[in-house]
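Chain residues, written in single-letter form:
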Amino acid sequence: MLVQAFAVSSRADYPEPPVEVPPPSAKALQFYRTGHAYWAFGQVWALGLPAMILAGGISRKMREFAWRKGQSWYPAFAIYVGIYLLFTFMVSLPMAFQRGYLRLHEYGLSTESFAKWLGDAIKNLGVDYVGTLCFGWVPFLLIKRSPRWWWLITAGLYIPFLFFVMLIKPVVVDPLFNEFGPMKDQVLEAKILALAARSGIEGGRVFEVDKSTETTAVNAYVTGIGATKRIVLWDTLIAKLDDRELLFVMAHEMGHYVLGHVTRSILLSSILILVGLAAIQFGGRWVLSRFGPRLQIADLSDFAALPLILLLFQCSYVVLSPIGLAYSRWQEHESDRFALELTQDNHAGALGFLKLQTQNLGNPRPDAWYVFLRSTHPPGGERVDFCNTYRPWEHGLLLRYATQFK
Ligand SMILES: [Zn+2]
């Protein structure tokens, strides 16, 4: 009883000092710097590979083979897409292996066996193939039926499609890669559910994922809609953080959910998709009017135009991604605010972020260009600073999200 009383009063009686952000370790700094070259190569590769497949006549040859074997449109499309995905998978494999396996092992960020890494890569390929067989034919059909307006119709279909993906992904796709079990620590689970109830999330289930077999990185999220709503924690997160830090991170994830960040992100991405599709429509027609005869591709409804479509889409992605990233960083910041207001546990938040930062070999104060071009989250240092200083409740000020709390 005494112990309990002390535990309850300690935070107010002995205010905890601000958490200092140490400079990154030499290893973290090296990971950050060598990462630039990998990133730049990845950007060039994402544009160069489809350009090469298109200009080198590979796409045209794949189409001829696919028609010979398939005879009619859909079987030919299925064969073409299968060859295309397999070809790009194979030529990208050495780089993916270097970047996603060797490098992470070298820095102690991965615990994954080679078999699991390769198995997951192949499963991803399978998911891409099945997804394209189920839905990828739709834009081509629309281009044929409505050559002028297909891109607007496709953008309109994209929103319900993404909601559908959101609904089924947690129950259909995610379990292909990892085991989603109940939480082992039931006391902690009860605390998480109590926090969820306070933040206005009712009826969610908590799942623990066995990620420690594959990575040392940590993560948690709240996902799904309706019947597939769930709170997910990687077992690595549970191992690394103490209860207070973990609850703070969960409050942050609940913030995303309660503040409707997923829905807003879908709406924003559908605007960006619309711009991308317009780039395909107008850029694609321009390219084909100039080079179509040489490429032996008459119009965009020919599935041999797929690398051109992907190339133009990637171009618009490169131009637009800073907008999406800035919006994402803003959402992350607001979720941090939500977590601070809900838990009022600044110290645990700051310590938790510092641990995650160190664990993932992050650079707490990266260059401005890095943040602009690459960061989905505010720099770790800024997040710790915010945790150290944001205490409106101590000054009698209104909380921005007080109305959300139950
Ligand atoms: Zn977040």
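Residues numbered from 1 in each chain as written. Predicted model: local features only at pLDDT ≥ 70, side-chain atom pairs only at ≥ 80, totals over all residues. Heavy atoms only, no water.

Caption draft 1: How the structure looks around the overall build of the protein. A count of helices and strands for the protein gives 14 helices and four strands. Over its C-alpha atoms the protein spans a radius of gyration of 24 Å, differing by no more than 12% from the 22 Å that the globule rule assigns to 406 residues. Based on the C-alpha atoms only, the size of the protein along its principal axes is roughly 80 × 45 × 40 Å. A total of 406 residues make up the protein; the buried ones form 44% of that total. Of all intrachain contacts in the protein linking residues separated by at least 6 positions in sequence, the fraction that spans at least 24 positions is 78%. For the protein, the exposed surface amounts to about 20,900 Å²; the carbon and sulfur share of it is 66%. In the protein, 38 side chains carry a positive charge and 32 a negative one; their mean positions are 12 Å apart. (Helix = DSSP H or I, 4+ residues; strand = E, 2+ residues; numbered from the N terminus. Rg over C-alpha atoms; globule rule 2.2 N^0.38 Å. Buried < 20%, exposed > 50% of the residue type's maximum accessible area, 1.4 Å probe, protein only. Contact = heavy atoms within 4.5 Å. Areas by Shrake-Rupley, 256 points an atom, 1.4 Å probe, with all protein chains shown as cover. Lys, Arg positive; Asp, Glu negative; His and termini not counted. Charge placed at Lys NZ, Arg CZ, Asp CG, Glu CD.)

Caption draft 2: Summary view of the nonpolar core. In terms of nonpolar packing, the biggest core is built from 40 residues, with Tyr80, Trp150, Leu277, Ile280, Ile297, Leu300 and Leu308 touching the most fellow members. Looking at this core, the elements with two or more residues in it are α2 (26–55), α3 (58–70), α4 (73–106), α5 (114–145), α6 (150–173), α10 (261–295) and α11 (306–343). Core analysis: the second largest hydrophobic core is formed by 37 residues, Leu188, Ile192, Leu195 and Met254 among them. (Core = buried A, V, L, I, M, F, W, Y, C linked by side-chain atoms within 4.5 Å.)

Caption draft 3: Up close: the sheet that holds strand β4 (residues 230–234). Reading across from one edge, β1-β2-β4-β3 is the order of the four strands in this open sheet, with mixed pairing throughout. The open sheet has two edge strands, β1 (180–182) and β3 (220–223), and neither has a second partner. If you compare each strand with its neighbour and ignore which way they point, the axes differ by 35° on average. As paired elements, β1 and strand β2 (residues 205–209) share three bridges and run antiparallel to each other. Its bridge partner lying in β2, Gly181 is registered against Glu208. (Pairing = 2+ DSSP bridges. Axes fitted to C-alpha atoms, helices over the stretch in contact; angles between N-to-C directions.)

Caption draft 4: Geometry of the pairing of β3. As paired strands, β3 and β4 are joined by four bridges and run antiparallel to one another. In the strand pairing of β4, Ala220 is matched with Leu233. Joining the antiparallel neighbours β3 and β4 is a turn of six residues, in which Gly224 adopts a positive phi near 80°.

Caption draft 5: Quick peek at the pairing of β4. In terms of residue burial, β4 counts as a mostly covered element, since five of its five residues are buried. Side chains of β4 alternate between two faces, with Arg230, Val232 and Trp234 and Ile231 and Leu233 buried alike. Where β2 lies against β4, five bridges are found, and the strand directions are parallel. Bridged to Val209 within β4 is Trp234.

Caption draft 6: Spotlight on the coordination of the zinc ion. At this site the zinc ion is bound by His252 (NE2), His256 (NE2) and Glu332 (OE), with donor distances of 2.0 to 2.1 Å. Here the donor residues of the zinc ion share one chain and are spaced in sequence as H-x3-H-x75-E. On the criterion of sequence distance, the pair formed by His256 in helix α9 (residues 243–258) and Glu332 in helix α11 is long-range, its members being 76 residues apart. Owing to a relative accessible area of 12%, His256 belongs among the buried residues under this scheme. The exposure class assigned to Glu332 is buried, which follows from its relative accessible area of 8%. (Donors = N, O, S within 2.8 Å, 3.2 Å for Na, K, Ca; no water.)

Caption draft 7: Summary view of the packing of helix α7 (residues 186–198) against α9. Closest axis-to-axis distance for the α7/α9 pair is 10 Å, and the angle between their directions is 35°. Between α7 and α9 lies a crossing whose hand is right-handed. Residue-level contacts link Leu188, Lys191, Ile192, Leu195 and Ala196 of α7 to Asp243, Leu246, Leu247, Met250, Ala251 and Met254 of α9. (Left-handed = near helix turned anticlockwise from the far one by under 90°.)

Caption draft 8: Representation of the packing of aromatic side chains within the structure. This structure, assessed with the given rule, holds 29 aromatic pairs. Between the aromatic rings of Phe31 and Tyr107, the centroid separation amounts to 4.9 Å while the plane-to-plane angle is 65°, which identifies the pairing as edge-to-face. Residue Phe31 is located in helix α2, and its partner Tyr107 is located in the loop between α4 and α5; the two are separated by 76 residues in the primary sequence. Each member of the pair, Phe31 together with Tyr107, is buried. Relative to Phe140, the ring of Trp73 lies with its centre 6.5 Å away and its plane at 55°, an arrangement referred to as tilted. With Trp73 in helix α4 and Phe140 in helix α5, the pair connects residues that are 67 residues apart, well separated along the chain. Overall, Trp73 belongs to the partly exposed group, its relative accessible area being 30%. Site record: aromatic cluster; members linked through ring pairs are Trp67, Trp73, Tyr74, Phe77, Tyr80, Tyr84, Phe140 and Phe303. Taking NZ or CZ as reference, Lys211 lies 4.5 Å from the ring centre of Trp234, over its face. (Phe/Tyr/Trp six-rings, centres within 6.5 Å; stacked < 30°, edge-to-face > 60°. Lys NZ or Arg CZ within 6 Å of the ring centre and 35° of its normal.)

Caption draft 9: Just α6, in detail. Relative to the 34 Å expected for 24 residues at 1.5 Å per residue, α6 spans just 29 Å between its end C-alpha atoms, considerably shorter than the ideal helical length. Along its length, α6 shows its largest kink, about 35°, at Leu167, and proline Pro170 lies within four residues downstream of that point. Three or more residues of α6 are buried, namely Trp150, Trp151, Thr154, Ala155, Tyr158, Leu162, Met166 and Pro170. Close packing links the buried residues of α6 with α5, β3, β4 and α10. (Expected span 1.5 Å × (residues − 1). Bend = angle between axes of the 7 residues up to and from the residue.)

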